[in-house]
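Residues per chain, in single letters:
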Amino acid sequence: MANRKPLIAGNWKMNLTINEAVSLVNSVAEGIKDHQGMDVLVCPPFTALSAVKKALENTPICLGGQNMHWERAGAFTGEISGQMLTDVGCTHVILGHSERRLLFGESDEAVDRKISAAVKLGLTPILCVGETLAQRERGETLKILETQLTGSLAHSLKDKAIDPKLIVAYEPVWAIGTGKTASPHQAQEAHAFIRKWIRSNFGNQAAEAMRILYGGSVKPDNISELMAQQDIDGALVGGASLKADSFVGIIKNSQG
Ligand code: 13P
């Protein structure tokens, strides 16, 4: 890995009550207190953001949302704006997660709008991309990644500039919640492709600085071989981020 600071992020999805969330971050903060050299982020459900923010005071752990609307405010029943995320203390937001794309019909165009809105607010977007099993079996993985990157970063392509903080997460859909991790070689191939795409569209500096996370059944016992790959700069962890011991294990093992 180049000079990029690793990031281990937990996507809690639709899990945990407020009390459970606070208890989890308290344990994680305790578990990593002597552990430095990487960034750690948790993305709780909206209902727990405020309480988790409070629990994270005096810890180095950052707070992120799992989604947002691109408008600042208005008649959008059931939605949360980026401004609301910054207001509650978020610094990051996951955008275009495959569950949003596949279960809630989120298009690349919607993800693009959200990314632009997040960047304007100073939120760091974590743009998720990844292929389904059928797409991989048809040999379409790299083509799908290119389509998702092109569509989800359309505004950046038009402006010929990308937010230097933007993070990409490669999450093969077939590896999410299935216990099937992409092999380090499969993950590295996708990450290298993403970095090459960034390089050809936004230049070498943007490509070298960009952190690309792997997501999909990351566990304490598979993180180190993933992190050993040149273009893997961290992980976006689902199930294993819901238990302090496994999330702390991933953070500790990610440094080899
Ligand atoms: P799992 O770690 O549960 O496979 O989930 C990955 C994920 O979707 C993170 O965003």
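**Quick notes on the pairing of strand S5 (residues 124-129)**
So, point 1. Most of S5 is tucked away: 6 of the 6 residues are buried.
So, point 2. Judged by which residues are buried, S5 turns out to be covered on both faces: Thr124, Ile126 and Cys128 on one side and Pro125, Leu127 and Val129 on the other are all buried.
So, point 3. Examined bridge by bridge, strand S4 (residues 92-95) and S5 share 4 bridges and lie parallel to one another. Considered in S5, the bridge of His92 is made with Thr124.

**Let's talk about helix H5 (residues 108-120)**
Counting along an α-helix, one turn takes 3.6 residues, and residues three or four places apart therefore face a common direction.
So, point 1. If you check H5, its first and last C-alpha atoms are 18 Å apart, about what 13 residues at 1.5 Å a residue would give, namely 18 Å.
So, point 2. Tucked inside the fold, the buried residues of H5 contact S4, helix H4 (98-103), S5, helix H7 (141-152) and helix H8 (154-159).
So, point 3. Note on H5: the residue one or two positions beyond its end, Gly122, has a positive phi of about 85°.

**What to know about empty space enclosed by the protein**
So, point 1. Tallied over the full model, the rule gives 1 cavity of 30 Å³ or more.
So, point 2. Taken as a whole, the largest cavity holds about 40 Å³ of empty space.
So, point 3. As for the largest cavity, its lining consists of Gly96, His97, Ser98, Arg101, Cys128, Val129, Gly130, Gln148, Glu171 and Val173.
So, point 4. Broken down by secondary-structure element, the contributors of at least two residues to the lining of the largest cavity are H4 and S5.
So, point 5. Partitioned by chemical class, the residues of the lining of the largest cavity number 3 nonpolar, 5 polar and 2 charged.

Reading guide: rules and limits
Within each chain, residues carry numbers counting from 1 in the order of the written sequence. In keeping with the predicted nature of the model, local features appear solely for residues at pLDDT of at least 70, side-chain atom pairs appear and are counted solely at 80 or more, and the whole-chain, interface and lining totals rest on all residues. Processing note: side-chain calculations cover all non-hydrogen atoms of the structure and skip hydrogens and water entirely. Burial here depends on accessible area, computed with a 1.4 Å probe over protein chains only, as a share of the maximum for the residue type. Under 20% is buried, over 50% is exposed, and the range in between is partly exposed. Only DSSP runs of H or I reaching four residues or more are called helices, and only runs of E reaching two or more are called strands; each is numbered from the N terminus. The criterion for strand pairing is that DSSP finds at least two bridges linking the strands in question. Take the residue count of a helix, subtract one, and multiply by 1.5 Å to get its expected span. Only heavy atoms enter the contact rule, under which two residues are in contact if any of them lie within 4.5 Å. Residues are called lining when one of their atoms sits within 4 Å of a cavity or pocket point, these points coming from a 1 Å grid over the protein atoms alone, where a cavity is a set in which a 1.4 Å probe fits but cannot get out and a pocket is an open set with protein on both sides within 12 Å along at least five of seven lines. Grid points are joined across faces, edges and corners, and a volume is the space filled by probe spheres set on the points. Under this grouping Gly is polar, as are all residues other than the nonpolar Ala, Val, Leu, Ile, Met, Phe, Trp, Tyr, Cys and Pro and the charged Asp, Glu, Lys and Arg.

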